[in-house]
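In case you want the letters, here they are:
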Amino acid sequence: MFSTEKKKRKTGWWVFLLVLVVIFVGFRLYLPTAAKNHVNKVLNDLPGYQGSVDDIDIALIRGAYVVTNLRLRRRDAKTDVPFLNIPQADISIQWRALFNGKIVSEIYLTEPQLIYVFEDQLQQGQQEPETKDWTEALDDLVPIDINHLNIENGRLGLVKVNANPMLDIYMDQLQLTADNLQLVKSDEQNLPSPVKAAAVTIGRGQTELEGRVNFIKDIPDMDVSLSIKDIDVTALNSFTLHYANVDFTSGQLDLYSEVAVADGYLKGYFKPLLTDAKLIDQGDGFFKKLWEGVVGVFKFIFKNQSTDKVATKIPFEGNLDNVEAGVWQTFVNILKNAWVKAFQDNIDEDIEFSDVQKEADAQEAEQPEDGS
C-alpha cells in the first residue's frame, strides 16, 4: 500500500511537470502572436498614422525580440510610399551595461527608410500626432531605455511629387552608431554620448558626421561637424531648377558645417563650395536669356579665379526658437572667397561648445526672475 501511494505521488509530480511544460510551450508559441497584436494596435492608435508589422520573433535566452517589416504611413496618403519602413529591428537587453548596474536596451535597425513625401504629410484636415503620442508609442515598443543605436544601410528621402520637375532628394547607405545614450558609462563630460554617421547623398556625395551629444536633456546639447564632399551638382538640377530656375551641365558641390547647442542656444555655420560649375542654356526667350546672363555675371564676379570656386560661409546663431542667419556676413564671405583668400575644403573647427555654453549662461543671466 505504501508503495502504491508513493507511485501515485511520483505519477502526480510527472503529470504536474508535464502540465507546466505544456503551459510553457503554449505560452512561448503564443507570445510572438501576442506581441505582434500589441505592436499593431499601438501603431494603429497613433493619431494621423497607420502602421503594422509582419512578424515578431522572441529570443528569450538573450532577452531580445526581432521585428520584421515595420511600416508606418499617413492615413489617407496620396502615394503608396510608407513614411517609415524598417525591414528588421533587433531590440535586446544590453548585457554589458549590467556590469555598470544599468538595465538598458540596444537597437539594431537594418535597411530602415524614412521618406518624407510633401503631398502625404501636408494634407489639410489630418489629425497631427503630438510629441506625447510618439513618446508613448516608443515606450510601448521599447519599454527599456535605449542606450545603443545602430543603423545599417539606411535611407533618408525628401520627395515632392507635384513639383515641376519632381523633387527626389535622398541620402543612401546610411551607417550610424550612437552609444551611451543613457549615461551607462559615467564621466565628467557635458556631452557623454558619441555619435558617428556616414552616407552617400544624391549626386554621390560622400557624407560624414561626427560629434557628441547629451540626449538626457529635454533639449539635447550637442557639438557636431558635418562634411559632404564631391556632389555631382547636375544631380541637384530638379532642386535648383524648381527653386532658382537654374540647372547645370557640370560642377561639384562640397558642404561643410559645424553646429553646437547648449541649453537651447545654438551657434554654427554652413560653408558651401561650388567648383567648375557650368549652366545649361535656358533657351531663346528674352527673360530666360536675361536670367542666365545675371547668374553668369554673378558667378564670374564672385568666383575665385585661382580655384574656380564660388563659396561662402553662412553663420547662424540664437535661441532655437529664434535662430538668425548672418545675411550681411554671408555676402561679405562671398567677396572674401573671391578676392581675398579662398575658402578651404575642410571643417574650420572654430565652433567650440564651451563658448556656446558661456553664451547660453549669459543669456540665461539676462532673463528677469519670476515675479520681477
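Everything below is about the structure printed above this text.
The rules behind each value
- Residues numbered from 1 in each chain as written.
- Predicted model: local features only at pLDDT ≥ 70, side-chain atom pairs only at ≥ 80, totals over all residues.
- Heavy atoms only, no water.
- Helix = DSSP H or I, 4+ residues; strand = E, 2+ residues; numbered from the N terminus.
- Buried < 20%, exposed > 50% of the residue type's maximum accessible area, 1.4 Å probe, protein only.
- Contact = heavy atoms within 4.5 Å.
- Areas by Shrake-Rupley, 256 points an atom, 1.4 Å probe, with all protein chains shown as cover.
- Salt bridge = Lys/Arg side-chain N within 4 Å of Asp/Glu carboxyl O.
- Phe/Tyr/Trp six-rings, centres within 6.5 Å; stacked < 30°, edge-to-face > 60°.
- Pairing = 2+ DSSP bridges.

Colleague: I keep staring at the overall build of the protein and nothing clicks. Help me out?
Modeller: Along the backbone of the protein there are seven helices and 16 strands. Taking all 372 residues of the protein together, the buried fraction comes to 37%. In the protein, the share of contacts with a sequence separation of at least 24, taken over all contacts with a separation of at least 6, comes to 59%. As presented, the protein carries roughly 22300 Å² of accessible surface, and 59% of it is formed by carbon and sulfur atoms.

Colleague: I would appreciate a short explanation of unusual backbone geometry in the present structure.
Modeller: Phi at asparagine 69 takes a positive value of approximately 55°, unusual for a residue other than glycine. Relative to the elements of secondary structure, asparagine 69 occurs in strand β3 (residues 64–74). A relative accessible area of 24% means that asparagine 69 is categorised as partly exposed. A positive phi angle, close to 55°, is found at glutamate 349, a residue other than glycine. Here glutamate 349 is to be found in the loop between α6 (327–340) and α7 (353–366). Glutamate 349 gets classed as exposed once you look at its relative accessible area, which sits at 62%.

Colleague: What is the right way to read the pattern of salt bridges from this model?
Modeller: Pairs can form between side chains of opposite charge once their charged atoms are near each other. Counted according to the given criterion, the structure contains ten salt bridges. Close ionic contact of arginine 62 with aspartate 90 constitutes a salt bridge, the shortest N to O distance being 2.6 Å. Within this pair, whereas arginine 62 is found in the loop between β2 (55–59) and β3, its partner aspartate 90 is found in strand β4 (residues 84–93), the two being separated by 28 residues in sequence. Residue lysine 217 is joined to aspartate 221 by a salt bridge in which the shortest nitrogen-to-oxygen separation is 2.9 Å. Using a relative accessible area of 27% as the deciding quantity, one classes lysine 217 as partly exposed. Through salt bridges with shared partners, one network takes in Lys271, Lys313, Asp348 and Asp350.

Colleague: Could you clarify how one ought to interpret the packing of aromatic side chains in this entry?
Modeller: Scanning all chains against the criterion turns up three aromatic pairs. Between tyrosine 49 and phenylalanine 83, the aromatic rings sit 5.6 Å apart at their centres with planes inclined by 45°, giving tilted as the arrangement. Of this pair, tyrosine 49 sits in strand β1 (residues 49–52) while phenylalanine 83 sits in the loop between β3 and β4, placing them 34 residues apart in sequence. On the basis of relative accessible area, tyrosine 49 is assigned to the buried category, the value being 4%. Note on phenylalanine 83: relative accessible area 15%, which makes it buried. Ring centres 5.2 Å apart and planes at 40° place the aromatic pair phenylalanine 270 and phenylalanine 316 in the tilted group. Remark: phenylalanine 316 occurs in strand β15 (residues 314–319) and phenylalanine 270 occurs in strand β13 (residues 265–279); sequence separation between them is 46 residues. On the accessibility criterion, phenylalanine 270 (35% relative accessible area) is partly exposed.

Colleague: Please explain helix α4 (residues 237–244) as it appears in this structure.
Modeller: Every α-helix winds through 3.6 residues per turn, so residues three or four apart in the chain are directed the same way. When we look at burial in α4, the residues that qualify are Asn237, Ser238 and Thr240. Tucked into the core, α4 has its buried residues touching β8 (167–178) and β12 (248–262). Trailing α4 by a residue or two, asparagine 245 shows a phi angle of about 55°, which is positive.

Colleague: Could you clarify how one ought to interpret the pairing of strand β9 (residues 193–201) in this entry?
Modeller: Each regular strand carries side chains that alternate between the two faces of the sheet. The pairing of β8 with β9 spans six bridges and is antiparallel. Note that in β9 the partner of threonine 177 across the bridge is lysine 196. Pairing analysis gives eight bridges linking β9 to strand β10 (residues 206–214), with the strands arranged antiparallel. Its bridge partner being in β10, valine 200 is matched across the sheet by glutamine 206. With antiparallel pairing between neighbouring strands as the criterion, β9 and β10 make up a hairpin whose turn holds four residues, including glycine 203 at a positive phi of roughly 80°.

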